[in-house]
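Coordinate inspection notes
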Amino acid sequence: MIYIDADACPVKAEVERVGTRHGLKMFVVSNGGIRPSANPLVETVVVPDGPDIADIWIADRATKGDVVITGDIPLAARCIANGALVLKHNGEPLTQANIGNVLATRDLMADMRAADPFRQGGGKPFSKADRARFLDALERMVRAAARP
């Protein structure tokens, strides 16, 4: 199965395309505002408003052999601990080997942002190259998840 942390996910259509090609059940989880897909393999899950409710829903279900698409690092850590494979929207896999460093960097950056309230700007726009990189990484991850 594929679980998509759908709030602010720029690659829902790409996940659906790959998941459909492999015949995988997909869960698009959000607290609303997502247009449901007509694809019978896609189930739209709307959770109540509240902090991390969608994350909790995914983390409670994702397990070995599943793929989770998220940019949420704490959610990724929980899913990795459950044995799931995790992929960020930019195509970067999060694994047992790198999740500790990614969590530490996230915390450091949060501290730096808190220390400089005038810091402006965000990341670069999501490009066609980012989508292509994500598609390639997702295809490899789905095949890896299917191996016994």
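Description of the structure in this document. (Residues numbered from 1 in each chain as written. Predicted model: local features only at pLDDT ≥ 70, side-chain atom pairs only at ≥ 80, totals over all residues. Heavy atoms only, no water.)

Within the largest apolar cluster, 21 residues are counted, with the highest numbers of intra-cluster contacts made by Val29, Trp57, Ile58, Val68, Cys79 and Leu94. Going through the elements one at a time, strand 2 (26–30), helix 2 (53–59), helix 3 (73–81) and helix 4 (99–115) are the ones with two or more residues in this core. The dominant element in this core, judged by the number of residues it contributes, is helix 3, at five residues. Residues Cys9, Met26, Leu87 and Val142 belong to the second largest nonpolar core, which totals 20 residues. (Core = buried A, V, L, I, M, F, W, Y, C linked by side-chain atoms within 4.5 Å. Buried < 20%, exposed > 50% of the residue type's maximum accessible area, 1.4 Å probe, protein only. Helix = DSSP H or I, 4+ residues; strand = E, 2+ residues; numbered from the N terminus.)

Here helix 5 (residues 128–146) spans 27 Å end to end across 19 residues, near enough to the 27 Å set by a 1.5 Å rise per residue. Lining the buried residues of helix 5 we find strand 1 (2–5), helix 1 (12–21), strand 4 (67–69), strand 5 (85–87) and strand 6 (93–94). Measuring from the side-chain oxygen of the N-cap residue of helix 5 to the backbone nitrogen of Ala129 gives 3.3 Å; that N-cap residue is Ser127. (Expected span 1.5 Å × (residues − 1). Contact = heavy atoms within 4.5 Å. Polar contact = N/O pair within 3.5 Å; in protein donor to acceptor, adjacent residues only side chain to side chain.)

Here we come to the pattern of salt bridges. All told, the structure shown has eight salt bridges when counted by the stated rule. Among the salt bridges present, the one from Arg78 reaches Asp60, with a minimum N-O distance of 3.5 Å. With Arg78 in helix 3 and Asp60 in the loop between helix 2 and strand 4, this pair connects stretches of sequence that are 18 residues apart. Judged by its relative accessible area of 40%, Arg78 falls in the partly exposed class. The residue Arg140 makes a salt bridge to Asp136 at a minimum N-O spacing of 2.8 Å. Note that Arg140 and Asp136 are positioned in helix 5 at a spacing of four residues, about one turn of the helix. Overall, Asp136 belongs to the partly exposed group, its relative accessible area being 43%. Salt bridges sharing partners connect three or more residues here, namely Arg21, Glu139 and Arg143. (Salt bridge = Lys/Arg side-chain N within 4 Å of Asp/Glu carboxyl O.)

Geometry only, nothing functional implied.
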